[in-house]
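# Breakdown of the fold
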Amino acid sequence: MQRRDFLKALGTGAMLATGLSVRSVFANAAPHVVIVGGGVGGATAAKYLKFADPNIRVTVIEKNPVYIRPYGSSEVLNDHIGMQDLEVRYDRLRERYGIEFLFDTVTGVDPHARTVRTAGGVQLNYDRMIVSPGIQLLYERIEGYSASVAESRIPSAWIAGNQTRLLRDQLHAMRPGGTFVIVAPPNPYRCPPGPYERGALMAEWFKVHNPTAKVIILDSKDSFVPGPSMLLGWNRLYGYNVPERFREGMPTDGEWPMKIHEEPGMLDWVAGRDGGRVLSVDAANLSVETEAGRIEADVLNIVPPMVAGKVAFELDLVDETGYCPIDRRTHESTRHPGIHVIGDACVADAMPKSGFSANTQAKVAARAVVDLLAGRDTQAPLWENTCYALAGSEYGLYVADIFRLVDGRIARTEGPRFLPLDASRAQIRIGALYQQNWMRTFTDDCFA
Amino acid sequence: MKKHLLLILLLSALGGQAFAEPARETAQAWTPVRLHAVLAAMPQGDAVRGEKLHGQLFCASCHGERGESLSRHWPALSGQRAPYTYKMLLDYRDGLRHEDARAEMMVVLARMMTEQDMADVAAFYAAQPLPGSAPLKKGHPVNDLVRRGDPQRLITPCASCHGVEGQGGRNETPSLAGQRPEYLVRTLRAFRDNVRHNDVHQGMAQFAWDLTDEEIQALAEYYAR
């Protein structure tokens with residue numbers, strides 16, 4: 001069975017990526033690793049450094065004492081969970097592993113002296129630094145959009161927080177028969193299936209609470225991950241008609257065929273080739289100008305273009321792509337030695353920007369840092385990623401990959417990736433179950 | 001109901017160690033008479049079809065390619081007695097077995113299976129070799145408990161039901177030999193602490209009530225592969 005071979009390979013990948021030594025070589029002079037950013041990447045790196053060698057001193061510098069997880073945060077919009085369920089605390093990392101936390105903002109680094117300063121006036125020396133800054137949203141790249149519009153009227157809700165709550169409240173108060181418009185971002189961006197899952201989850205919620213509502217996803221792209229399997233889910237659940245070019249391999253008979261719907265369903269996706277690119281936003285009238293014309297919304301959700309988090313710019317780790325170039329083997333910055341960059345902010349070639357990716361990259365970087373501190377060679381790493389996505393609360397999808405180094409770049413290995421288009425109802429249901437379980441176990445792997 | 005289950009899974013995710021108690025079905029507790037009748041009516045299992053289901057229902061992704069178990073998180077099913085596997089699937093389906101968040105996965109799966117499906121996967125696992133055996137281990141701290149029991153605490157010898165080498169006994173009495181020790185520990189604790197209730201008239205739980213943590217650990221190691 002392909003799936004089983006794949007799982008075997010995945011197991012091996014995980015072991016290789018996390019195969020850390022427990023013998024300490026730092027008994028006399030414990031090195032200090034400073035981690036900037038306490039999200040998925042930073043927290044995982046801290047924990048796995050301590051797994052590798054508890055004698056390493058690990059300090060995480062993070063702005064917020066409580067982390068609000070972005071993965072799974074669209075499930076707040078349909079009341080599947082509440083805002084408080086997104087909150088993750090650092091107590092376990094502190095108490096179980098002795099990781100130190102400094103809730104502060106980094107203001108500068110001297111990569112030669114290997115010191116870091118904070119807004120709170122603290123100066124720390126480090127032997128190696130790991131930076132996991134996530135992303136920042138470039139609201140102003142869309143004419144008529146801005147951070148203040150996002151906070152008050154047209155949320156992006158792509159970094160979970162107040163905008164998530166705002167969007168949830170707007171959706172729940174939307175007039176009967178209203179239109180929810182999502183503007184999907186251009187590549188590369190955090191959480192590739194995210195905008196499409198968000199549209200699906202709201203369509204499902206509207207079916208019960210606002211059955212004449214519409215969901216429109218506007219896109220500058222012509223495809224997305226996990227493309228056809230998501231489109232098929234929309235077809236089955238929300239009456240979406242799959243464009244001809246995506247129909248190959250979709251079941252036309254049997255247990256659950258793809259249908260051609262006479263009436264358009266409640267969810268639509270306007271690809272770039274169909275004029276889905278947004279040119280400007282009229283915040284006062286809640287409308288967007290697209291290449292195909294003006295679209296009025298009752299609730300408007302814009303996910304703007306994004307680049308590496310601010311601190312990556314402040315530490316001069318970013319190149320002209322807006323992301324941080326690294327030596328893929330160690331995740332060490334090619335701009336400043338001694339500083340490793342992981343997660344959404346780093347240039348990781350074929351790896352998507354996802355929490356899962358950040359978690360694996362953190363393990364790879366932690367191992368590399370320990371090896372470098374010990375003066376050892378570090379093995380070529382393997383990375384893995386699975387993006388789970390829901391087309392409905394009981395309709396699960398995924399794309400799963402293993403990555404390895406090829407000519408200094410991170411490349412996808414061959415193998416089955418997606419839930420097959422002819423997957424049974426049971427497999428689809430199990431996919432949703434896996435997604436929900438992943439939320440729990442993944443959070444534990446990073447933060448507990 | 002399923003939606004509710006998911007919600008609970010998710011809520012329990014962030015609630016740390018304590019898993020929220022799922023809404024219980026009004027499941028009918030087993031009696032010896034009913035169990036006898038249910039097992040007598042168990043469909044004839046088809047191991048070939050069972051192997052297919054083992055792949056299609058993704059059983060393999062946790063329980064291993066032949067049911068041998070891939071990690072400490074999930075039990076081995078290979079070599080397991082078919083009536084036991086069949087009964088467990090019924091128990092998950094009917095809400096009698098739900099001792100922790102892991103069980104929720106099985107509840108959802110079992111509700112998608114017919115009784116024929118259950119008998120077929122049970123036949124597939126029964127056709128695989130046991131992952132180990134647990135012969136006499138003289139000098140092992142719980143050898144006496146396994147072989148002689150403890151009359152003081154009215155504990156019947158484990159071997160008298162589960163077999164002299166832990167290979168399983170009659171009907172639904174499961175094999176233990178070669179099982180993941182972590183699973184055996186979780187199971188004995190679940191019986192001892194009254195969070196698992198799918199045995200007939202507390203036929204297993206009553207022997208677990210008096211076990212210490214040390215004994216549970218030692219018993220698990222005794223039977224583990």
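Bear in mind the structure is a predicted one, so any value in this text is a computation, not a measurement.

## Focus on the overall build of chain A
A tally of regular secondary structure across chain A gives ten helices and 24 strands. Over its C-alpha atoms chain A spans a radius of gyration of 22 Å, differing by no more than 12% from the 22 Å that the globule rule assigns to 448 residues. Overall size of chain A, expressed as C-alpha extent along the three principal axes, is 75 × 55 × 40 Å. Here chain A displays about 17,500 Å² of accessible surface, and carbon together with sulfur accounts for 49% of that area. Averaging the coordinates of the 48 positive side-chain charges in chain A and doing the same for the 52 negative ones gives two points 4 Å apart.

## Some thoughts on the overall build of chain B
Tallying secondary structure elements over chain B gives twelve helices and zero strands in all. Taken from N to C terminus, the helices and strands of chain B fall in the order α-α-α-α-α-α-α-α-α-α-α-α. For chain B, buried positions account for 52% of its 225 residues. When the accessible area of chain B is evaluated, it comes to approximately 10,400 Å², of which 55% is carbon and sulfur surface.

## Here's the deal with the domain arrangement of chain A
Residue and element names in this part refer to chain A. For chain A, the assigned domains are domain 1 (2-134 + 309-380) and domain 2 (139-305). The straight-line distance from the C-alpha centre of domain 1 to that of domain 2 is 32 Å. Taken together, the 17 residues of domain 1 in the interface contact 19 residues of domain 2. Both faces considered, domain 1 and domain 2 share a buried interface measuring about 1,500 Å² in area, 62% of it formed by carbon and sulfur atoms. For domain 1, the biggest contributors to the area lost against domain 2 are Leu77, Asn78 and Met83; these three give 39% of the whole. In this structure, Asp344 engages Arg190 in a salt bridge whose closest nitrogen and oxygen atoms are separated by 2.5 Å. On inspection of domain 1 and its partner domain 2, the count reaches five residue pairs in polar contact (both at pLDDT 80 or more). When its residues are assigned to classes, the side of domain 1 that touches domain 2 shows eight nonpolar, four polar and five charged.

## Observations concerning the sheet that holds strand β8 (residues 123-125) of chain A
All names here are of chain A. Strands sit in the order β6-β7-β8 across an open sheet of three strands; the sheet is antiparallel. With one partner strand each, in any of the chains shown, β6 (106-110) and β8 form the two edges of the open sheet. Geometrically, the sheet is characterised by an average inter-axis angle of 20 degrees between neighbouring strands, direction not taken into account. As paired strands, strand β7 (residues 115-118) and β8 are joined by three bridges and run antiparallel to one another. Bridging across to β8, Val116 finds its partner in Leu124.

## Quick look at the packing of helix α5 (residues 82-94) of chain B against helix α6 (residues 101-110) of chain B
Residue and element names in this part refer to chain B. Between α5 and α6, whose axes approach to 8 Å, the crossing angle comes to 95 degrees. Looking at the two axes, α5 sits roughly perpendicular to α6. On the side of α5, the interface is formed by Leu89, Tyr92 and Arg93, while α6 contributes Ala103, Met106, Val107 and Ala110. Its residues assigned to classes, the contact of α5 with α6 shows six nonpolar, no polar and one charged.

## Side note on the nonpolar core
Residues and elements named next belong to chain A. Judged by nonpolar contacts, the single largest core of 135 residues is most densely connected at Met129, Phe180, Phe206, Trp234, Trp269 and Leu300. Each of domain 1 (2-134 + 309-380) and domain 2 (139-305) contributes no fewer than three residues to this core. Excluding residues that lie within four positions of it along the chain, Trp269 makes contacts with Tyr196, Ile217, Asp219, Lys221, Asp222, Ser223, Phe224, Leu231, Trp234, Tyr240, Arg245 and Phe246.

## What to know about the pattern of salt bridges
Applying the stated criterion to the full structure yields 36 salt bridges over all chains. A salt bridge links Asp401(A) to Arg412(A); the shortest N-O distance between them is 3.4 Å. In this pair, Asp401(A) sits in strand β23 (residues 395-406) while Arg412(A) sits in strand β24 (residues 409-412), placing the two residues eleven residues apart along the sequence. For Arg412(A), a relative accessible area of 36% corresponds to the partly exposed category. A salt bridge links Lys87(B) to Asp91(B); its shortest N-O distance comes to 2.8 Å. Separated by four residues within a single helix, Lys87(B) and Asp91(B) lie in helix α5, roughly one turn from each other. Of the two residues, Lys87(B) and Asp91(B), neither departs from the other in class, the shared state being buried. Salt bridges sharing common partners tie together Asp282(A), Glu289(A), Arg294(A) and Glu296(A).

What counts and what doesn't
- Residues numbered from 1 in each chain as written.
- Chains lettered and ligands numbered in written order.
- Predicted model: local features only at pLDDT ≥ 70, side-chain atom pairs only at ≥ 80, totals over all residues.
- Heavy atoms only, no water.
- Helix = DSSP H or I, 4+ residues; strand = E, 2+ residues; numbered from the N terminus.
- Rg over C-alpha atoms; globule rule 2.2 N^0.38 Å.
- Areas by Shrake-Rupley, 256 points an atom, 1.4 Å probe, with all protein chains shown as cover.
- Lys, Arg positive; Asp, Glu negative; His and termini not counted.
- Charge placed at Lys NZ, Arg CZ, Asp CG, Glu CD.
- Buried < 20%, exposed > 50% of the residue type's maximum accessible area, 1.4 Å probe, protein only.
- Domains from an automatic or database assignment.
- Contact = heavy atoms within 4.5 Å.
- Buried area = accessible area lost by both parts, 1.4 Å probe.
- Salt bridge = Lys/Arg side-chain N within 4 Å of Asp/Glu carboxyl O.
- Polar contact = N/O pair within 3.5 Å; in protein donor to acceptor, adjacent residues only side chain to side chain.
- Nonpolar A, V, L, I, M, F, W, Y, C, P; charged D, E, K, R; others polar.
- Pairing = 2+ DSSP bridges.
- Axes fitted to C-alpha atoms, helices over the stretch in contact; angles between N-to-C directions.
- Parallel < 35°, antiparallel > 145°, perpendicular 65-115°, else oblique.
- Core = buried A, V, L, I, M, F, W, Y, C linked by side-chain atoms within 4.5 Å.

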